[in-house]
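Structure assessment
Residue strings, one per chain:
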Amino acid sequence: MFRNTLWNLLGEGLPMLAALLSIPWLLAAVGMERFGALTLIWALLGYLAVLDLGLGRSLVQIVAERVGRNGTGGGRGGAAGEGAEGTAGIAGPAIAIMALLGLLTGGVVAGLAGGLADRFLLGSGTPSQEIRDSLMVVAAIVPIALVSAGLRGVLEAHQRFRPINLVRMTVGVLNYLSPLCVLPFSQSLVPVIAAIAVGRLIGMVAYGVLAVRLVPDLVRPARYGRQSLRGLFTMSAWMMLNNLIGPAMLYADRFILLSLVPAALVAFYTTPFEILTRLMVVPGALSMALFPLASSLFRRDPAALPRMLDAAGHLTLAVFLAVQAGVIVGGDRVLELWLGPAFAANSGPILSILTLGVFFNATAYVPYTLIQGVGRVDVTARLQLAELPVYLGVLWFLADRYGATGAAIAWSLRTAADCGLLLVLLPRLAPGTGAVARTIGLRAGAAGLAGLAGLSIGGPFGASVGLLGLAAVGWGVVRRLLGTRSWKRLCGAQRSAARLSAPIGQPRRDMVPDRLVDTV
């Protein structure tokens, strides 16, 4: 799991580095107007994942569960490959449906290209035809992106994170660096977006080759059988609801703030918020590794779930206790050096409050992922539905009274409540996790109280109180990580899951020396 998490971090981090290196050159080469249009197209491409209606994530859960239950990848000739429980029998139709959704959505984008081009022109002097042609290329990328998501889901379900992230890194780097290759020949957006499309196509082909090697029957529609997709569609509907409500709660604060305070003051809130939420890539990478593992093992080896919660939960606590301590020690100073004393004076307290919220938000990732991993996506969706009106009401009230500081308090209160509720619900859905959930909840609560005490007291003495409290909690977390055997037992469970997901025709991993076993 730890190695898979590192691969996921690399898959996210290397494209970000490529973006940092390439954006100044792109800006200088194409000019501010075209670059503005390019950033909007990048944003559109970034939201393509929502268009799969939750099918991609649902496919990971269902395929991983079947792999764990049947002990096969559903390859050639096996009963699982041909029967009602085979991987190909559910993955093949699902990917075909995602391809159809991609074609339909791409057709809509192509049909609306003219109107969308006019919208882009509101802030850009780029010719209308150039943007229209660029959007036509984007329309072609949509089915490629959705088919890639489906193929990647098959690989994630079998926990093939090393090849997944090698492809992700390649595609992500090409997304930012390939446009530089065409700039010596043209400054038009059309070949720039076409270069991005070529990178996406390369990624789809790579995912396809990897998935077919793992599940050969994916290219044999006759072997799909007559499986019901009802379960997949039910789960994808709840998953789509999660995907819609989550961003709504994430971005509601800035829209409400904009309606209540001058736009200039909103920057004091959004700047630290954007910095801190970038850290969510860490629990996100961990959750990406946990999700298929939990789906694969929760029926066959239920005792693995407490070990997952123990290891992953305490690792997350350790990382974000360090983040919280770092903000207490040097957050104001960093803001002052970066954006000036006036900005730091206004944004420093907001940074400290949001740090508490980010701490609870990160801690909630693990129980959230485990609940979804055991197939109860409906629970997380219902929880978010219940939270949304309460949060919006508290947010409006506090933002109206205290401005950006009130919005930060509301957001942090919501994440703390969400974390607590998830830790309470998890033992009811995954028996055996109660003791570990209580331990993590108590330690997270103690860390939150320490940070809150430091904020309430203020000054150097308050910082000392907060740091002492965090150090006490951190000592317990580190002792747990170093003293428990959860990591070792969890790695054993993961090797077992990897053996079950090996494709037909390859040597079983239990016949290979342990030191040579590749756990990704």
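Read on for a plain summary of the structure. (Residues numbered from 1 in each chain as written. Predicted model: local features only at pLDDT ≥ 70, side-chain atom pairs only at ≥ 80, totals over all residues. Heavy atoms only, no water.)

Some remarks on the packing of helix α12 (residues 304–339) against helix α13 (residues 341–373)
Using the following cut-off: Only the stretch in contact is used when a helix axis is fitted, and all axes are lines through C-alpha atoms; the angle between N-to-C directions ranges over 0 to 180 degrees. Under the DSSP-based scheme used, a helix requires at least four consecutive residues in state H or I and a strand at least two consecutive residues in state E, with every element numbered from the N terminus. Just so you know how the angles are binned, under 35 degrees is roughly parallel, over 145 roughly antiparallel, 65 to 115 roughly perpendicular, and the rest oblique. The residue classification treats Ala, Val, Leu, Ile, Met, Phe, Trp, Tyr, Cys and Pro as nonpolar and Asp, Glu, Lys and Arg as charged. All others, Gly included, are polar.
Relative orientation of the contacting elements α12 and α13 amounts to 175°, with a least axis distance of 9 Å. In terms of their interaxial angle, α12 and α13 are classed as roughly antiparallel. Per-class residue counts for the contact of α12 with α13 are 20 nonpolar, nine polar and two charged.

Some thoughts on the environment of A29
Basically, it comes down to this: Relative accessibility decides the category of a residue: with a 1.4 Å probe and only protein chains considered, values under 20% of the type maximum give buried, values over 50% give exposed, and everything between is partly exposed.
Along the chain, A29 falls in helix α1 (residues 2–46). Judged by relative accessible area, A29 falls into the partly exposed class, the value being 31%.

Some thoughts on helix α7 (residues 161–182)
Three- or four-residue spacings in an α-helix give side chains the same orientation, since the helix completes a turn every 3.6 residues. To be explicit about the condition: By this rule the span expected of a helix is its residue count minus one, scaled by 1.5 Å. Take the seven residues that end at a residue and the seven that start at it, fit an axis to each, and the angle between those axes is the bend at that residue.
Over its 22 residues, α7 extends 31 Å from the first C-alpha to the last, a length consistent with the 32 Å expected when each residue adds 1.5 Å. Along α7, the largest kink reaches about 45° and is centred on N175; proline P179 follows within four residues of it.

Some words on the packing of helix α6 (residues 128–157) against α7
Operational definition: The contact definition used throughout considers only heavy atoms, calling two residues in contact when any of these lie within 4.5 Å.
Where α6 contacts α7, the two axes come as close as 8 Å, and the packing angle between them is 150°. By the angle between their directions, the pair α6 and α7 is classed as roughly antiparallel. Taking contact as the criterion, the partners of R152, L155 and E156 in α6 are, on α7, F161, I164 and R168. Here the contact of α6 with α7 is built from residues that sort into three nonpolar, no polar and three charged.

Describing the pattern of salt bridges
Selection rule: What makes a salt bridge here is a side-chain nitrogen of Lys or Arg within 4 Å of a carboxyl oxygen of Asp or Glu, nothing more.
Taken as a whole, this structure holds six salt bridges when the rule is applied. Note that E336 is salt-bridged to R333, the shortest N-O span being 3.6 Å. In this pair, E336 and R333 are both assigned in helix α12, three residues apart and thus about one turn of the helix distant. R382 is the salt-bridge partner of D378, the closest N and O atoms lying 2.6 Å from each other. Separated by four residues within a single helix, D378 and R382 lie in helix α14 (residues 377–429), roughly one turn from each other. A relative accessible area of 46% means that R382 is categorised as partly exposed. Several salt bridges share partner residues, and in doing so they unite R376, D378 and R382 into one network.

Notes on the side chain of T363
Put simply, the test is: Under the rule applied, a polar contact is a pair of N or O atoms within 3.5 Å (in protein, one hydrogen donor and one hydrogen acceptor; residues adjacent in sequence only if both atoms are side-chain atoms).
Note that T363 resides in helix α13. A residue is classified by how much of its surface remains accessible, and T363, at 4% relative accessible area, is buried. Within the structure, the side chain of T363 is placed 2.8 Å from the backbone oxygen of F359, a separation counted as a polar contact.

What to know about the nonpolar core
To keep it simple, the criterion reads: Here, the term nonpolar core denotes a set of buried Ala, Val, Leu, Ile, Met, Phe, Trp, Tyr and Cys residues that are joined through side-chain atoms within 4.5 Å.
Core analysis: the biggest nonpolar cluster contains 69 residues, and Y269 and M308 have the highest contact counts within it. Of all elements in the fold, only α9 (230–260), α10 (263–277), α11 (281–297), α12, α13, α14, α15 (434–457) and α16 (459–483) reach the threshold of two or more residues within this core. Of the residues forming this core, the biggest block, 15 residues, is contributed by α14.

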